[in-house]
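# Structural characterization, general
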Amino acid sequence: MPQTSIAVQLYTLRDFLKTPADIAKSLRKVAGLGYQSVQISALGPIETSELKRILDGEGLSVCATHVNFNELRDELDRVVAEYQELDCPYVAIGAIPNEYRNAEGYPRFARGASEVARRMKERGLIFGYHNHSFELEKFGGQTALEILYSQSDPEVFTAEIDTYWIQHGGGDPATWIRRVAGRSPLVHLKDMGVVDGKQVMAEVGEGNLDWPGILAACKEAGVEWYIVEQDICQRDPFESLGISLRNLQGMGLS
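For clarity, every value in this text was computed on a predicted model and none was experimentally measured.

The rules behind these values
What you see as residue numbers is a count from 1 along each chain, following the sequence as written. Totals for whole chains, interfaces and linings use all residues, but because this is a predicted model, local features are given only for residues with pLDDT of at least 70 and pairs of side-chain atoms are given and counted only at 80 or more. The side-chain quantities take in all heavy atoms of the structure and omit both hydrogens and water. Helix numbering and strand numbering both begin at the N terminus, where a helix is a DSSP run of H or I of at least 4 residues and a strand a DSSP run of E of at least 2. We compute the radius of gyration over the C-alpha atoms and compare it with the globule rule, which gives 2.2 Å times the number of residues raised to the power 0.38. Only protein chains enter the accessibility calculation, which uses a 1.4 Å probe. A residue is then buried if its area is under 20% of the maximum for its type, exposed if over 50%, and partly exposed in between. Note on definitions: a residue-residue contact is assigned when non-hydrogen atoms from the two residues lie within 4.5 Å. Strand pairing requires that DSSP identify at least two bridges connecting the strands. Lines are fitted to the C-alpha atoms to define the axes, a helix being fitted only along its stretch in contact, and any angle between axes, read from their N-to-C directions, falls within 0 to 180 degrees. By the criterion applied in these results, polar contacts are pairs of N or O atoms within 3.5 Å in which, for protein atoms, one can donate a hydrogen and the other can accept it, and in which residues neighboring in sequence qualify only through two side-chain atoms. The salt bridge definition used is simple: a Lys or Arg side-chain nitrogen within 4 Å of an Asp or Glu carboxyl oxygen. The labels follow the angle: roughly parallel below 35 degrees, roughly antiparallel above 145, roughly perpendicular from 65 to 115, and oblique for the rest. Helix crossings fall into two classes, left-handed where the near helix is turned counterclockwise from the far one by less than a right angle and right-handed where it is turned clockwise.

### Observations concerning the overall build of the protein chain
Scanning the protein chain from N- to C-terminus turns up ten helices and twelve strands. Taken against the 2.2 N^0.38 rule, which gives 18 Å for 254 residues, the C-alpha radius of gyration of the protein chain at 17 Å falls within 12% of a compact globule. Its C-alpha atoms give the protein chain principal-axis dimensions of about 50 × 45 × 30 Å. Counting the 254 residues in the protein chain, one finds 54% classified as buried. At a minimum sequence separation of 6, the contacts of the protein chain that also span at least 24 residues come to 75%.

Quick look at the structure:
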């Protein structure tokens, strides 16, 4: 286990992860920034054994990944084998499939995903759900995110709250993190700023989110991994990741 609870979501670097050579070069730079763990997402084709060799060579662990839900449902044996080889315990989905994004679909997904999550737990993996802002649309007085967490099995269906997207949808990140206390081992940290009158994603601590409040909520909720992600960077993505890491460390996170 690395001596840190901060990781980087590799989706931030998707344009630099197209080939095995790109992946090796980028992971070397990630380690050089001071990160010791990554969340796997948006990598180009690479054999799991080669990825494991590169990660081990750079002293990087894999704390989590993002996988398409249909893969989890239909190809679980393959997914289990792949992520056990990477010593990765948390397998989250990056987004709910489009067909579930309606009043009938959200509760149906909560139940179906719970069944998949129970099968995953039997094999040693933990299911996670990563939100965007569209889940804060209301159906019958409840947001879709409330429906998902109230109608899923809290023993196996865990949360990966994304701070930016909660704020983008009109919610409060700290409030939502507390609402899923005890079932939120992962959190995505990205900031929200304003440039030329437009909302933008920003490095952690460089925007306007309430980081003291968010980090206090994470501690109360039992968050294990603080995962830095920035879908769109206003500067070089590696520079952005370095800024976020330094700022989090300056806030007392290690």
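### Side note on the sheet that holds strand 5 (residues 126–130)
Strands pair in a sheet through their backbones, by hydrogen bonds, and they do so in one of two ways: parallel or antiparallel. The strand order around the closed barrel built from eight strands is 1-2-3-4-5-8-9-12, with neighbouring strands paired in parallel fashion. Taken pair by pair, the neighbouring strands of this sheet meet at an average axis angle of 30 degrees, ignoring direction. As paired strands, strand 2 (residues 37–40) and strand 3 (residues 61–66) are joined by four bridges and run parallel to one another. Within strand 3, the position partnered with Ile40 by the bridge is Thr65. With respect to the sheet, helix 10 (residues 237–250) is in contact with strand 1 (6–9), strand 9 (186–189) and strand 12 (225–228), its orientation differing from that of strand 1 by roughly 160 degrees.

### Quick notes on the side chain of His188
Structurally, the position occupied by His188 is in strand 9. Note on His188: relative accessible area 0%, which makes it buried. At 3.2 Å, the side chain of His188 and the side chain of His130 are in polar contact. Not counting residues within four places of it along the chain, the set of residues in contact with His188 comprises Gln9, Gln39, His66, His130, Glu160, Ile161, Asp162, Thr163, Ile227 and Glu229.

### Topic: the pattern of salt bridges
Counting across every chain of the model gives 18 salt bridges. Between Arg108 and Glu104 there is a salt bridge; the shortest N-O distance is 3.0 Å. A residue is classified by how much of its surface remains accessible, and Glu104, at 46% relative accessible area, is partly exposed. Between Glu146 and Arg179 there is a salt bridge, with its nearest N and O atoms 2.6 Å apart. Here Arg179 lies in helix 8 (residues 173–179) and Glu146 lies in helix 6 (residues 144–150), a separation of 33 residues in the sequence. We classify Arg179 as partly exposed; its relative accessible area is 47%. A network of salt bridges, in which partner residues are shared, links Glu71, Glu75, Arg78 and Glu82.

### Some details on the pairing of strand 11 (residues 198–202)
Remark: a regular strand shows side chains that alternate across the two faces of the sheet. Sheet topology note: the strand 10 (residues 191–195)/strand 11 ladder contains five bridges and is antiparallel. Opposite Gly193, over in strand 11, you have Val200 as the bridge partner. Linking two consecutive strands that pair antiparallel, namely strand 10 and strand 11, is a turn of two residues; a positive phi of about 55 degrees is found at Asp196 within it.

### Re the environment of Leu145
For Leu145, the location among the structural elements is in helix 6. Judged by its relative accessible area of 0%, Leu145 falls in the buried class. When the C-alpha atoms of Leu145 and Glu135 are compared, they prove to be 5.1 Å apart, with ten residues separating the residues in sequence. Ignoring anything within four residues of it in the chain, the contact list for Leu145 reads Tyr129, Asn131, Glu135, Leu136, Ile166 and Trp176.

### Looking at the packing of helix 1 (residues 20–33) against helix 10
Two elements in contact, helix 1 and helix 10, have axes separated by 10 Å at closest approach and are oriented at 25 degrees. In terms of orientation, helix 1 and helix 10 fall into the roughly parallel class. Both helix 1 and helix 10 take part in a crossing whose hand is right-handed. The segment helix 1 lies against helix 10, with Ser26, Lys29, Val30 and Leu33 engaging Phe238, Leu241, Gly242 and Leu245.

So far we have only geometry, and geometry alone does not tell us how the molecule works.
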